[in-house]
Amino acid sequence: MAPQGSRAPLEFGGPLGAAALMLLLPATMFHLLLSPGLTLCWGSGFQALVLTALLVGLGVSAGLPLGMLTEMLLPLAWVATLTAFIFSLLLYLKALMAPASALAPGGNSGNPVYDFFLGRELNPRFGSFDCKYFCELRPGLIGWVLINLALLVQEAELRGSPSLAMWLVNGFQLLYVGDALWHEEAVLTTMDITHDGFGFMLAFGDLAWVPFTYSLQAQFLLYHPQPLELPTASVICLVNAVGYYIFRGANSQKNTFRKNPSDPSVAGLETISTATGRQLLVSGWWGMVRHPNYLGDLIMALAWSLPCGVSHLLPYFYLLYFTALLVHREARDEQQCLQKYGLAWREYCRRVPYRIVPYIY
Ligand code: NDP
């Protein structure tokens, strides 16, 4: 029997949208990987990253040709896509045996295409192994920095040393991944974990889309070297630092507040009470716009593209796609918060009228 969420309004354009996205997402990833010039060629998440770095370091010092990885991106992307399909199918079948209480509110419409895409079970587990929690950050994010590193090594082999632009892209994205894995438990309060089922959307996103498309800037730089002067590089570093400051400040403020509202760092902030007993921050970062963390994330996305120059659109793909993703995600979250908090949410929207960019959106 479907849970209470089966009557929830369908998102992503319903079954038709879900079917289209299932074709469109892999097609886009392969199109990007095939773009001209690119075809030539258990502890904490942070501990997993450090362990991977140690193993790769050992491998490279023993002669492992890490740069060769850049020539295997297409076959690896195929394998990751196939894995995501098979994994999603197994998860779909597993959900047939799951109790109604384990199903996600959104992925149980009764339409198999839509439910396969969105995911039926909220947090599928094998014993104590939580598939979604594991996949959300580790394989995709660590795979992403590994591909970036391989591209840097390959550039050094081709041109004698990695370019400044390649160092910046690698450094910025390593900071982002390191930060996500350092704050790994914060993923537990995200929409992906608390609301969305684990189906093709997240499996493909986590295992294939993130490592192969988020590394596009470094892939681009390998085949299109960009001269970058120190003053320009310094400005780009500043843009990334501003983005990171907003992103981390906003996320930490909310996480601290949700964990312990009496924590001295958030106790003085103004709040709105809701009927659920939870409160909403209405000053500090969350009084500036309704999603300050998205704003910081987008500013960083811009900083990751700028080292690639402005002659090609390809390195800006992430910024464009991510803007669309966050605008859509913000609208979904808005809808869910309105359902959860009702009038209190309307009051919050009145007090904080802008969604992501102050005075603009
Ligand atoms: P958020 O961290 O933005 O959380 C939204 C939730 O925060 C709401 O549902 C509500 O939940 C709570 N909230 C909203 N407003 C307030 C307020 N004023 N006071 C207190 N709590 C509030 O969710 P996301 O999962 O979308 O994003 C997490 C991070 O991940 C972001 O930084 C985002 O940029 C990043 N991200 C990155 C992606 C990538 O591919 N690089 C993809 C998606 C996200 P409740 O009240 O129930 O606590």
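Above this text sits the structure in question.
Presented here is a report on the structure given in the accompanying data block. The structure presented is a predicted model; accordingly, all values stated were derived computationally and were not measured.

## Brief notes about the overall build of the chain
A tally of helices and strands in the chain yields 14 helices and four strands. Along the first, second and third principal axes, the C-alpha atoms of the chain reach 65 × 50 × 35 Å. Taken over 361 residues, the chain has a buried fraction of 52%. When the accessible surface of the chain is totalled, it reaches about 17000 Å², and 69% of it is carbon and sulfur. Side chains of the chain give 20 positive and 22 negative charges; the mean places of these two sets differ by 9 Å.

## A look at the state of the cysteines
One pass over the full model with this rule turns up zero disulfides. With no disulfide partner, C131 has as its closest neighbouring cysteine sulfur the one in C135, 6.6 Å distant. A relative accessible area of 2% places C131 in the buried class. You can see C337 has no disulfide; the closest cysteine sulfur is in C349, sitting 8.6 Å from it. You can call C337 buried: its relative accessible area is 6%.

## Examining the site of the ligand
Neighbouring the ligand are 26 residues, the closest being Y214, Y294, D297, R329 and Y341. In this structure, Y176 approaches the ligand through a side-chain N or O atom, which is 2.9 Å from a nitrogen atom. When isolated, the ligand has an accessible area of 920 Å², and the protein chains bury 87% of it. Ranked by the residues each element gives to the shell around the ligand, the list is headed by helix α13 (residues 317-341), at eight residues. When the residues that make up the shell around the ligand are grouped by side-chain class, the tally is 15 nonpolar, four polar and seven charged.

## With respect to the packing of helix α5 (residues 131-159) against helix α6 (residues 164-182)
Following both chains from N to C, one finds α5 and α6 inclined at 160 degrees, their axes separated by 10 Å at the closest point. One way to sum up the angle between α5 and α6 is to call them roughly antiparallel. The handedness of the crossing between α5 and α6 is left-handed. Facing L137, R138, L141, I142, W144, V145, N148, L149, L151, L152 and E155 of α5, the residues of α6 in contact are M166, W167, N170, Q173, L174, Y176, V177, A180 and L181. In the contact of α5 with α6, the residues fall into 15 nonpolar, three polar and two charged.

## Some points on the environment of M29
Its place among the elements puts M29 in helix α1 (residues 14-33). When its relative accessible area of 0% is taken as the criterion, M29 is described as buried. Residue contacts for M29: discarding those within four places in its chain leaves A77, T81, F204, A208, W209, F212 and T213.

## Comments concerning the packing of aromatic side chains
Using the criterion set out here, one finds 27 aromatic pairs in the structure. Between F46 and W182, the ring centres sit 4.9 Å apart and the planes meet at 85 degrees, which makes this aromatic pair edge-to-face. Here F46, found in helix α2 (residues 45-61), pairs with W182, found in helix α6; they are 136 residues apart in sequence, far enough to count as distant. Using a relative accessible area of 58% as the deciding quantity, one classes W182 as exposed. An angle of 50 degrees between the planes, with centres 6.2 Å apart, marks the rings of Y318 and Y321 as tilted. Taken together, the positions of Y318 and Y321, both in helix α13 and three residues apart, correspond to about one turn of that helix. The burial state of Y318 is the same as that of Y321; both residues are buried.

## Observations regarding α6
The end-to-end C-alpha distance of α6 is 26 Å, a good match for the 27 Å that 19 residues give at a rise of 1.5 Å each. Those residues of α6 that fall on the buried side of the exposure criterion are A165, M166, L168, V169, N170, F172, Q173, Y176, V177, G178, D179 and L181. Tucked inside the fold, the buried residues of α6 contact α2, α5, α9 (216-223), α10 (230-259), α12 (292-305) and α13.

## Considering the packing of α6 against α9
Running from amino to carboxyl end, α6 crosses α9 at an angle of 170 degrees, the nearest separation of the two axes being 10 Å. It follows from the interaxial angle that α6 and α9 lie roughly antiparallel. Where α6 crosses over α9, the two elements pack in a sense that is left-handed. When α6 is examined against α9, the residues A165, M166, V169 and Q173 are found in contact with a partner set consisting of Q217, A218, L221 and L222. When its residues are assigned to classes, the contact of α6 with α9 shows six nonpolar, two polar and no charged.

What counts, and at which threshold
Residues numbered from 1 in each chain as written. Predicted model: local features only at pLDDT ≥ 70, side-chain atom pairs only at ≥ 80, totals over all residues. Heavy atoms only, no water. Helix = DSSP H or I, 4+ residues; strand = E, 2+ residues; numbered from the N terminus. Buried < 20%, exposed > 50% of the residue type's maximum accessible area, 1.4 Å probe, protein only. Areas by Shrake-Rupley, 256 points an atom, 1.4 Å probe, with all protein chains shown as cover. Lys, Arg positive; Asp, Glu negative; His and termini not counted. Charge placed at Lys NZ, Arg CZ, Asp CG, Glu CD. Disulfide = S-S within 2.5 Å. Near = heavy atom within 4 Å. Polar contact = N/O pair within 3.5 Å; in protein donor to acceptor, adjacent residues only side chain to side chain. Nonpolar A, V, L, I, M, F, W, Y, C, P; charged D, E, K, R; others polar. Axes fitted to C-alpha atoms, helices over the stretch in contact; angles between N-to-C directions. Parallel < 35°, antiparallel > 145°, perpendicular 65-115°, else oblique. Left-handed = near helix turned anticlockwise from the far one by under 90°. Contact = heavy atoms within 4.5 Å. Phe/Tyr/Trp six-rings, centres within 6.5 Å; stacked < 30°, edge-to-face > 60°. Expected span 1.5 Å × (residues − 1).

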